[in-house]
Amino acid sequence: MLGRRITEVILRRDNLRFPFPDEFASRITGRSVDSIRRRAKYLLLNLDDGRIILSHLGMSGRYTLFDSEKVKQFETTKNEVSRFGSATGFEGRHDHVEFRFDDGSVAVYTDPRRFGIMDLIEVGEEQIHPLLESLGPEPFGDWSAKQLAKKLQNKTTNIKVALLDQRVVVGVGNIYACEALHRSGIHPQRQSKTLVRKDGKPTKKLQRLHENVVQVLEQAVEVGGSSLNDFADVNGTLGYFGHHFQAYDREDQPCLQANCGGTIERITQSGRSTFLCPRCQR
DNA sequence: CAAAGTTCCTGCGAGC
DNA sequence: TGCTCGCAGGAACTTT
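For the structure given in this document, a descriptive report is provided here. (Residues numbered from 1 in each chain as written. Chains lettered and ligands numbered in written order. Predicted model: local features only at pLDDT ≥ 70, side-chain atom pairs only at ≥ 80, totals over all residues. Heavy atoms only, no water.)

Comments concerning the sheet that holds strand β1 (residues 6-11)
Applicable threshold: Only when DSSP finds a minimum of two bridges between them are two strands counted as paired. Runs of E in the DSSP output that reach at least two residues are strands. Runs of H or I that reach at least four are helices, and both are numbered from the N terminus. Fitted lines through C-alpha atoms give the axes, limited to the stretch in contact for helices. The angle between two N-to-C directions lies from 0 to 180 degrees.
Here we have four strands laid out as an open sheet, ordered β1-β6-β7-β5, and antiparallel in their pairing. Of all strands in the sheet, those bounded by a partner on one side alone are β1 and β5 (62-66). The sheet shows a mean angle of 15 degrees between the axes of neighbouring strands, direction not considered.

A short note on the environment of Ala145
Topologically, Ala145 is positioned in helix α3 (residues 145-152). Sequence-wise, Ala145 and Leu209 are 64 residues apart; in three dimensions their C-alpha atoms are separated by 8.3 Å.

Topic: the sheet that holds strand β4 (residues 52-56)
Judged by pairing direction, the sheet is antiparallel, and its four strands sit side by side in the order β2-β3-β4-β8 without closing on themselves. One side of each edge strand has no neighbouring strand; the edge strands of this open sheet are β2 (33-39) and β8 (117-121). Looking at each pair of strands side by side, their axes are set apart by 20 degrees on average, direction ignored.

With respect to the protein's contact with DNA strand C
Heads up, the condition is: Here, proximity means that at least one heavy atom of the residue falls within 4 Å of the molecule or strand. Within 3.5 Å is the distance limit for a polar contact, defined as a pair of N or O atoms, with the added protein rule that one can donate a hydrogen and the other accept it, and that residues adjacent in sequence qualify only through two side-chain atoms. Here the nonpolar group is Ala, Val, Leu, Ile, Met, Phe, Trp, Tyr, Cys and Pro; Asp, Glu, Lys and Arg are the charged ones; every other residue, Gly included, is treated as polar.
Arg17, Arg93, His94, Pro112, Arg113, Arg114, Phe115, Asn154, Lys155, Thr156, Thr157 and Asn158 make up every residue found near DNA strand C. Within the side chain of His94, an N or O atom sits 2.5 Å from a phosphate oxygen of DNA strand C. With respect to DNA strand C, the side chain of Arg113 contributes an N or O atom lying 3.1 Å from a base oxygen. Partitioning the surface near DNA strand C into residue classes produces two nonpolar, five polar and five charged.

Observations regarding the pairing of strand β6 (residues 95-101)
Heads up, the condition is: Burial classification: accessible surface area is computed with a 1.4 Å probe over protein chains only, and a residue below 20% of its type maximum counts as buried, one above 50% as exposed, and the rest as partly exposed.
Along β6, seven of the seven residues are buried, which leaves the element largely enclosed by surrounding structure. In the sheet, β1 pairs with β6 via five bridges, with the strands oriented antiparallel. Its bridge partner lying in β6, Glu8 is registered against Arg100. Of the pairings in the sheet, the one linking β6 to strand β7 (residues 106-110) comprises five bridges and is antiparallel in character. Within the sheet, the bridge partner assigned to Phe99 lies in β7 and is Ala107. Linking β6 to β7, which pair antiparallel, is a turn of four residues; within it Gly104 sits at a positive phi near 90 degrees.

Some words on the pattern of salt bridges
Counted only if it meets this: We define a salt bridge as a contact between a side-chain nitrogen of Lys or Arg and a carboxyl oxygen of Asp or Glu at a distance within 4 Å.
Evaluated as defined, the whole model comprises 14 salt bridges. For Glu69, the salt bridge goes to Lys72, with nearest N and O atoms at 3.6 Å. Of this pair, Glu69 and Lys72 both sit in helix α2 (residues 68-77), three residues apart, which is roughly one turn of the helix. Connected through salt bridges with shared partners, the residues Arg27, Asp49, Arg51 and Glu122 form a single ionic network.

Considering unusual backbone geometry
Even without a glycine there, the phi angle at Asp249 is positive, about 65 degrees. Mapped onto the secondary structure, Asp249 falls in the loop between α6 (204-222) and β9 (265-269). Backbone geometry places Ser270, a non-glycine residue, at a positive phi of 50 degrees. Tracing the chain through its elements places Ser270 in the loop between β9 and β10 (272-276). Judged by its relative accessible area of 64%, Ser270 falls in the exposed class.

And the structure:
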């Protein structure tokens, strides 16, 4: 999408999780995409008029890109079966938005559950956007164990729930919270503040957790994300991180930590599944 | 029945 | 007593 001019936007419904902003299509038609950034799990597409398309994939959203060749093919054959899985070319049941570009390519936003978000940020309003304003630090930025300790020092909340709190650190979802805690040997139900020393400095375990959060996310990105069902990149390539799970979705299977010999358990915390090894996670 | 995300609401208890 | 805050849990959104 980068560097291309939007020639047409087709909305197949009036909302995802929230209604599309007023005149969304007309306000972005004719604009070109100057740069693309990410903040937490939000995508930000900077347009040439200073406005920003804000997008979130929710649980099941995906963008699929079709080059002009592919687009021509679809338009001539009306072929609805493609190698893109649920993004069945154009007009699949869950293809909600189509961005058409000046070079003939098309980006399709597909989202069966419609937990995703699409909004248009007006010039200068990025800092005050309600979805962005209370986000915590980026794990790949200058985030430190010290910073994490500060956020957790008075928290009685379970550490797993704290990791999922986007005010503590952004980008850690349910899978990666489970994996990072498992690698760190920390019990998910442990009170957050017990990982911080009285003087406010991180304990050894919290330092490990900080390192492992970054490591888990880096590895997941490297192999293209987690395909629990069908996470795919813009070319339809499936993510591979699922093959690297050591705890998540492994209930009743042996713990893979060296010399542990424990068995992975599944519990529920705040309505979310947590997988842990009660033997090596304390 | 459970699911990868996020926000909002309610009810409860602690502390001032 | 009343107020605020933090926290836990649940609901909501929807389809597979």
